[in-house]
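Fold and geometry: a report
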Amino acid sequence: MELAYIPSPSSGVLYLGPVPLRGYAFSILAGLFLALWIVDRRWVARGGQKGTAWDIAFWAVPFGLVGGRLYHVITDYQLYFGEGRNWVDAFKIWEGGLGIWGAIALGAVGAWIGCRRRGIALPPYADALAPGLALAQAIGRWGNWFNQELYGRETDLPWALHITSTEGGRVPGYYHPTFLYEFLWCVGVALLVIWADRRFKLGHGRAFALYVAAYCAGRFWIEYLRVDEAREILGLRLNNWTAMFVFVLAVVYFVMSAKLRPGRETVVEPGAAATGGATGGATDGSAGGDDAPDAAGSGSGSGATEPEAAGKDGKADSPEAKEEAGSKKPDAGPKADAIPKEKDGAADKDAAGPGDAKAEDAEAETARADSEDTGPGAADSADARSKDEAGSAKKS
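Residues numbered from 1 in each chain as written. Predicted model: local features only at pLDDT ≥ 70, side-chain atom pairs only at ≥ 80, totals over all residues. Heavy atoms only, no water.

Attention now goes to the pattern of salt bridges. Tallied over the entire structure, the rule returns 13 salt bridges. Residues Asp40 and Lys50 are paired through a salt bridge, measuring 3.1 Å at the closest nitrogen-oxygen approach. Separated by 10 residues along the polypeptide, Asp40 in helix H1 (residues 23-45) and Lys50 in the loop between H1 and helix H2 (52-75) bring together distant segments of the chain. For Asp40, a relative accessible area of 5% puts it in the buried group. Residue classification places Lys50 among the exposed positions, given a relative accessible area of 62%. Residues Arg264 and Asp197 are paired through a salt bridge, measuring 2.7 Å at the closest nitrogen-oxygen approach. Taken together, the residues Arg264 in the loop between helix H9 (238-260) and helix H10 (270-275) and Asp197 in helix H7 (residues 178-200) connect sequence positions 67 residues apart. Exposure remark for Arg264: the relative accessible area of 11% places this residue in the buried category. Assessed through its relative accessible area of 5%, Asp197 is described here as buried. Residues joined in a network through salt bridges with shared partners are Arg219, Glu223, Arg226, Asp228 and Arg237. (Salt bridge = Lys/Arg side-chain N within 4 Å of Asp/Glu carboxyl O. Helix = DSSP H or I, 4+ residues; strand = E, 2+ residues; numbered from the N terminus. Buried < 20%, exposed > 50% of the residue type's maximum accessible area, 1.4 Å probe, protein only.)

Pasting the structure below:
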């Protein structure tokens, strides 16, 4: 009794009038756009300029598609150049058949060209790309579901994939949904890389190496389940050998890079800061890091000494202001008038009574407070007013 299974689509093509929308192509394109959106955000967070990721993708994506197709055609050449086969089918990429190994290898060449044209290094870009690439692979695997291809051995598990097509020698039945296994594995790889990158500040290509090693580990056992036609060497499918070889290379690179170049790049795109494309955060992978205010303060040459250099009104004292202040010192302010008054003798003291002296002091204090609050202009007017009042007091 059939309790549960994953159904296959009746057709992998949806027609909008005369225009065919193929599920395989849609899955690949959706994965690519997601990867580019992620790498653009991560690149800016690392200190790069917005849009750089898309410029590099202009080179990397076509190279990757060609590389993926070449790997598939070369390793499964009997499907296209064997007896009774049509070699023209090798160009029908929409029918499926992209090898991730060739896509990564030749795509890296395209990315290197794009990076060279922008004047940046490839490793930090690869680190920014790693989790997005894993998610792109995850979504792209749903193209195998649309095409009813690359499934595993027969099984009676409740999540078995129901194959209904008889094209290409397929036998209808219930099989391991290897596309689903790889989808879930790649999502896990993306989350692992994001976590490790934040936790350990991976740099110099180590985030990408972690992605490659983790993907290869999962691909080995998933590939072992598949039953589609493939070349075998010593009882193992070619892709199993490739996964082991690439896994070792990734681990060696990760270890050697950590010893030779520890830490993370502080500058990933030299021109980004000059054009305002990045705002700090180059060392911790987040835009606008905590170091940005300190850097701005030290770069401007200000810092904690600025309040001392500034005047009481919050503005720096200019030479003209200092000269003005010097010229006013002999006769400026109520205090200067008060000293001669005390030395003039009893006549002045008799002329100005105690009440007038107190009022004069209170007015002088008010004028001085006003001059400090309102700036140099107000201080001059307050000084003049206090002088007039002091003069009138003397005359009286």
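Here we take up unusual backbone geometry. What is expected of a backbone is that most residues other than glycine have negative phi and most peptide bonds are trans. In this structure, Lys201 takes a positive phi of about 55 degrees despite not being glycine. Turning to its location among the elements, Lys201 is positioned in the loop between H7 and helix H8 (206-225). One non-glycine residue, Leu234, lies in positive phi territory at about 55 degrees. Positionally, Leu234 belongs in the loop between strand S5 (232-233) and strand S6 (236-237). For Leu234, a relative accessible area of 77% puts it in the exposed group.

All right, on to the packing of aromatic side chains then. If you walk through the whole model with that rule in mind, you get 15 aromatic pairs. On the numbers, 6.2 Å between centres and 75 degrees between planes, the contact of Trp87 with Phe91 is edge-to-face. Both rings, one in Trp145 and one in Phe146, keep their centres 5.0 Å apart while their planes meet at 65 degrees; by these two values the pair is edge-to-face. For Trp145, a relative accessible area of 17% puts it in the buried group. On the basis of relative accessibility, which here comes to 25%, the residue Phe146 falls in the partly exposed class. Chaining the aromatic ring pairs together yields one cluster made of Trp142, Trp145, Phe146, Phe179 and Phe183. (Phe/Tyr/Trp six-rings, centres within 6.5 Å; stacked < 30°, edge-to-face > 60°.)

With that settled, consider the packing of helix H5 (residues 122-140) against H8. Two elements in contact, H5 and H8, have axes whose closest approach is 6 Å; the angle formed by their N-to-C orientations is 25 degrees. As judged from the angle between their axes, H5 and H8 are roughly parallel. In the crossing of H5 with H8, the sense of the turn from one axis to the other is left-handed. Here Ala126, Asp127, Ala130, Leu133, Ala134 and Gln137 of H5 lie close against H8, whose contacting residues are Arg206, Ala207, Phe208, Tyr211 and Tyr215. Of the residues that constitute the contact of H5 with H8, the class distribution is 8 nonpolar, 1 polar and 2 charged. (Axes fitted to C-alpha atoms, helices over the stretch in contact; angles between N-to-C directions. Parallel < 35°, antiparallel > 145°, perpendicular 65-115°, else oblique. Left-handed = near helix turned anticlockwise from the far one by under 90°. Contact = heavy atoms within 4.5 Å. Nonpolar A, V, L, I, M, F, W, Y, C, P; charged D, E, K, R; others polar.)

By the element assignment, Arg226 lies in the loop between H8 and S5. Of note is the side chain of Arg226, whose polar atom sits 3.1 Å from the side chain of Asp228. (Polar contact = N/O pair within 3.5 Å; in protein donor to acceptor, adjacent residues only side chain to side chain.)

Quick look at the confidence of the model for the protein chain now. Do not read the predicted coordinates in detail wherever pLDDT is low. The pLDDT averaged across the protein chain works out to 77; a share of 68% of its residues lies at or above 70. Segment residues 278-358 is flagged for pLDDT under 50; beyond a separation of four residues in sequence, or across chains, it makes 67 contacts in the model. (pLDDT = per-residue confidence, 0-100.)

Okay, the nonpolar core next. Val39, Trp101, Tyr125, Val193, Phe208, Tyr211 and Val212 are the most contacted members of the largest nonpolar core, which totals 40 residues. Breaking this core down by element, the ones donating at least two residues are H1, H2, helix H4 (100-118), H5, H7, H8 and H9. The element best represented in this core is H8, accounting for 9 residues. Not counting residues within four places of it along the chain, the set of residues in contact with Val193 comprises Ala130, Pro131, Ala207, Leu210 and Tyr211. (Core = buried A, V, L, I, M, F, W, Y, C linked by side-chain atoms within 4.5 Å.)

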